[in-house]
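# Per-entry structural report
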There are 2 protein chains.
Amino acid sequence: MTQQCNSTEIASLQVNGDRLNDTLKTIGAIGALPNGGVRRLAFSLEDIQARTILQTWMEAAGMTTTIDTAGNLIGRYPGRFPHTPALATGSHLDTVPNAGIYDGTYGVLAGLEVVRTLHENNIHLDHPLELIVFADEERTMIGSKAMAGQAPLDPDYYAHPHYAPLPPSLAAIGGDWERLTASQRQPGSLAAFVELHVEQGPVLEAAGGPIGLVTGIVGQRRYSITVAGQASHAGTTPMDMRQDALVAAAQVILAVNKIGTADNGDQVATVGSMKLSPNVVNTIPGQVEMTLDIRDLSNDRLDQMVATLEQDMAAIAQATQTRIHLQPKLRNEPVPVNSHIHSTIAQVCEDLGLPSTALPSRASHDAQIMASLTDMGMIFVPSDDGISHAETEYTSPEHCTQGANVLLHTLLRLDHHYGCTEEVVAAVSAI
Amino acid sequence: MTQQCNSTEIASLQVNGDRLNDTLKTIGAIGALPNGGVRRLAFSLEDIQARTILQTWMEAAGMTTTIDTAGNLIGRYPGRFPHTPALATGSHLDTVPNAGIYDGTYGVLAGLEVVRTLHENNIHLDHPLELIVFADEERTMIGSKAMAGQAPLDPDYYAHPHYAPLPPSLAAIGGDWERLTASQRQPGSLAAFVELHVEQGPVLEAAGGPIGLVTGIVGQRRYSITVAGQASHAGTTPMDMRQDALVAAAQVILAVNKIGTADNGDQVATVGSMKLSPNVVNTIPGQVEMTLDIRDLSNDRLDQMVATLEQDMAAIAQATQTRIHLQPKLRNEPVPVNSHIHSTIAQVCEDLGLPSTALPSRASHDAQIMASLTDMGMIFVPSDDGISHAETEYTSPEHCTQGANVLLHTLLRLDHHYGCTEEVVAAVSAI
């Protein structure tokens, strides 16, 4: 820890909330839509513009900046012991097509505000402090995945009819597909990673606490459900001679809702998308395809949800004379946060007088990838009405400032926890 | 009745089944699709080709032919008393985009076969006998509606993005939009109308009887149902904070099925089409639009179905915190058949040794429009697996022949029932 401040001064350190909220407006204007939202797709001109401004701000705040081969923009604020593993924070600046200004961007700018606060107070942590702007969080997560050595090396894996191929896209933001593996960080190269993000859900607002203590990032499984019946004339086919795929599908939807609400647990289960065939007013639906998305922190719970649903589907298929098939499409394992980081965040909230609420993250974040590299924690701030990925996404300036202060003090305490004695420094340098 | 045959010879008269089934193949080849089906849209080249061949066949069978201003092709086989109202039969030659060869075409060709049989036996009924090929049954029903004076006179009423405007289409088949009302038949100008058609449903096949005694054409009501909830993130929105429009819609679908199956009645109720918004895997559906189609012979029953559904929807809306709205889109009144014609068909079946089954027609037919002009009856023959409007539509040659014989003898008996004494003839001529 720098010697310019004593511990009392450190304990009362606060970010500049006005400055933080000004930067949110400045970056939010890049790719602004007429509806008040923002569209700043990964690799687009707007993405590059936002990253470029961030880079200049990082450098003005005393950071050295690099762009790794996966397109991650990394600012590094020197620590007192430059060869120790870095503490890291960060998030993303890219958005979905019709986004608000907070998702991802807030975590990046709060990290910048933390560094600015340290820099203007002449404070350097023992550890180097990295602020990472991950490349393309919203679609491929190529930035964090490459950093963790989890990115498939086949460009076709990332192909999508609506998006340009990944290699030239990476080149556009300063990455290098051919040297992608060079972006992989070695185990031990980071001491910890903490991501600050808007909740994107209604739990914190309902709980009345401004700070979310994330307990983990839920496991997520996606399936397609196909219900096959027999299309026939909606007028001429008597009710008792039908194999109506939609009547069966309706029962499946309610069975999905039942596994989502069982035991008053934290799990969620959603049918979000449906396609009927032939989907015309005067024909009994012959086939229905649906998507299923289930999430929970516990793999046991997810297994049990699937088993219950499969039993229900078999009974529904028999009763409706249809065939129902469940096909796995995606499986992301649950990722717990590091318990020490979690309790550190809780303690910081208590010391700052900020009520906090423990909750899982039910959305994906770069942090869940980073957890395979280093100790990981996450902090949430409330989203008004739980809305995200929409122009009405909103987090109050007060909550934004409070979250940044929690991030600041969490990093300060982790710096102490992962304390770098000269002996540790020497040992790490020798690796 | 012609004097060339005695009543015993008349009673044993039979159509030429091979000839009938050959004509089905000939017309079925016009617009044949690679999948074995047929596409002969109203007003298309294929429709005109089929009508042209029919016209030559009609004339070769001793009929005079006209095309009225609504595009109806009418063959008239002279009766012994030319000024009496005509007995009429007929159906349509146009098809849906992917059709089988029987729907409509069978009724036209069976009518032709009846006239051919009369003609080659030198039999003339007392009444003139008309064979009507109605224009565009599958979409606008312009032919029968104009004949009954029910066709809206605003061309925009018939406008559809996928189809050409009606006035030039009518001109293409010999009609005349500007003089449409000239096709209207006066009350009393027809003695009766009998349509022979494939069932397009599975009832006859299941009953094992080759002949369907149609009791009436069901009333049909169509609605759109809109379920409005709140779209939100499928991961971050806890189950107890959702307003999932699809979960509500699933309950509505089951409520629709319940009103369709109540009391083991003949009514049907179908949700055939659905549209979700935003319809993506990781978002809770915020809105669902569905179609509802209900049919029954009794308006009281239909009223009761709607009332029950509205009660159910209100309860579902409250339980799911959604708003559910039912919007009427179409209402066709039930049309009973003439009881004398119905019992005549039943008696003919008994005399021919053909088992018959009474059933409603749950599909629309030109006959329901003709019922406003004259006494109407309908005869059905079985559809294999109940399939229609598909390339697999099939009715066996034997059933086709049996149905045509029932039509022949029904018309012979109706000729007698609506008997034309010279006094009647004189009275009619004086009108």
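See the structure shown above.
Residues numbered from 1 in each chain as written. Chains lettered and ligands numbered in written order. Predicted model: local features only at pLDDT ≥ 70, side-chain atom pairs only at ≥ 80, totals over all residues. Heavy atoms only, no water.

## Examining the relation of the copies chain A and chain B
Defined as follows: Only residues with pLDDT of at least 70 in both copies contribute their C-alpha atoms to the least-squares superposition of the copies. Whether two residues are in contact is decided by their heavy atoms: any pair within 4.5 Å suffices.
Rotating chain A by 180° about the axis while translating it 0.0 Å along that axis superimposes it on chain B, leaving an RMSD of 0.1 Å. The relationship between the two copies is best expressed as a two-fold rotation axis. Taking C-alpha positions as reference, the residue of chain A nearest the rotation axis is A250 of chain A, located at 2.2 Å. Counting the interface residues of chain A, we find that 100% of their copies in chain B are interface residues as well, pointing to one common contact surface.

## Points about the interface of chain A and chain B
Our working rule: Here's the idea: put two parts together, see how much 1.4 Å probe accessible area each one loses, and the total over both is what we call buried area. For this document, the term salt bridge refers to a Lys or Arg side-chain nitrogen within 4 Å of an Asp or Glu carboxyl oxygen. Here a polar contact is recorded for every N or O atom pair within 3.5 Å, except that within protein the pair must consist of a potential hydrogen donor and a potential acceptor, and residues adjacent in sequence are included only if both atoms are side-chain atoms. Strands here are runs of E lasting at least two residues and helices are runs of H or I lasting at least four, both read from the DSSP assignment and numbered beginning at the N terminus.
Taken together, the 46 residues of chain A in the interface contact 46 residues of chain B. Interface of chain A and chain B: buried area, both sides summed, is about 3,900 Å²; carbon and sulfur atoms make up 66% of it. Taken together, chain A and chain B are joined by zero salt bridges. The interface formed by chain A and chain B includes ten residue pairs in polar contact (both at pLDDT 80 or more). If you list the elements that add at least two residues to the side of chain A that touches chain B, you get α7 (203-207), α8 (245-261), β9 (268-270), β10 (274-277), β11 (283-284) and β12 (287-296) of chain A. Among the elements that take part in the side of chain A that touches chain B, α8 of chain A stands out by supplying nine residues, more than any other.

## Describing the packing of helix α4 (residues 105-120) of chain A against helix α12 (residues 397-417) of chain A
Residue and element names in this part refer to chain A. Condition: Here an angle of 0 to 180 degrees is reported between the N-to-C directions of two axes, which are lines fitted to C-alpha atoms, with helices fitted over the stretch in contact. Orientation categories follow fixed angle ranges, with anything under 35 degrees roughly parallel, anything over 145 roughly antiparallel, 65 to 115 roughly perpendicular, and all other angles oblique. In this scheme, a crossing is called left-handed if the near helix is turned counterclockwise away from the far one by less than a right angle; it is called right-handed if the turn is clockwise. Throughout this entry, Asp, Glu, Lys and Arg are counted as charged residues, while Ala, Val, Leu, Ile, Met, Phe, Trp, Tyr, Cys and Pro are counted as nonpolar. The remaining residues, Gly among them, count as polar.
At a minimum axis distance of 9 Å, the contact between α4 and α12 shows a crossing angle of 60°. Classified by the angle their axes make, α4 and α12 are oblique. Relative to α12, α4 is oriented so that their crossing is right-handed. Residues Y106, A110, G111, V114, T117 and L118 of α4 form the contact with α12, whose own contacting residues are H399, C400, G403, A404, L407, L408, L411 and L412. Classifying every residue of the contact of α4 with α12 gives ten nonpolar, four polar and no charged.

## Re the packing of aromatic side chains
Think of a pair of aromatic rings as described by two things: how far the centres are apart, and how the planes are tilted against each other in angle. How we decide: In this scheme Phe, Tyr and Trp rings, the latter by its six-membered ring, pair at centre separations within 6.5 Å, and the angle between planes marks the pair as stacked below 30 degrees, edge-to-face above 60, and tilted otherwise. Remark: exposure states derive from per-residue accessible area (1.4 Å probe, protein chains only) relative to the maximum for the residue type, with buried under 20%, exposed over 50%, and partly exposed in between. Think of it as a cone above the ring: NZ of Lys or CZ of Arg counts as a charge over the ring if it is within 6 Å of the ring centre and within 35 degrees of the ring normal.
Counted under the stated rule, the structure contains eight aromatic pairs over all chains. The interplanar angle of 85° and the centroid separation of 6.0 Å between the aromatic rings of Y102 of chain B and Y394 of chain B together place this pair among those described as edge-to-face. One end of the pair, Y102 of chain B, is in the loop between β3 (86-92) and α4 (105-120); the other, Y394 of chain B, is in the loop between β16 (375-381) and α12 (397-417), and 292 residues separate them in sequence. The class for Y102 of chain B is buried, based on a relative accessible area of 8%. Taken together, the aromatic side chains of Y157, Y158 and W177 of chain A make up a single cluster linked through ring pairs. Between R116 of chain A and the ring centre of W57 of chain A, over which it is positioned, the NZ or CZ distance is 5.1 Å.

## Description of unusual backbone geometry
Backbone torsion omega between S277 of chain A and P278 of chain A reads 0°, so that peptide bond is classified as cis. Relative to the elements of secondary structure, P278 of chain A occurs in the loop between β10 and β11. Despite not being glycine, H389 of chain A has its phi angle at roughly 55°, a positive value. If you trace the backbone, H389 of chain A turns up in the loop between β16 (375-381) and α12. Judged by relative accessible area, H389 of chain A falls into the partly exposed class, the value being 28%. Residues other than glycine seldom take positive phi values, yet D385 of chain B does so here, at roughly 55°. For D385 of chain B, the position within the fold is in the loop between β16 and α12.

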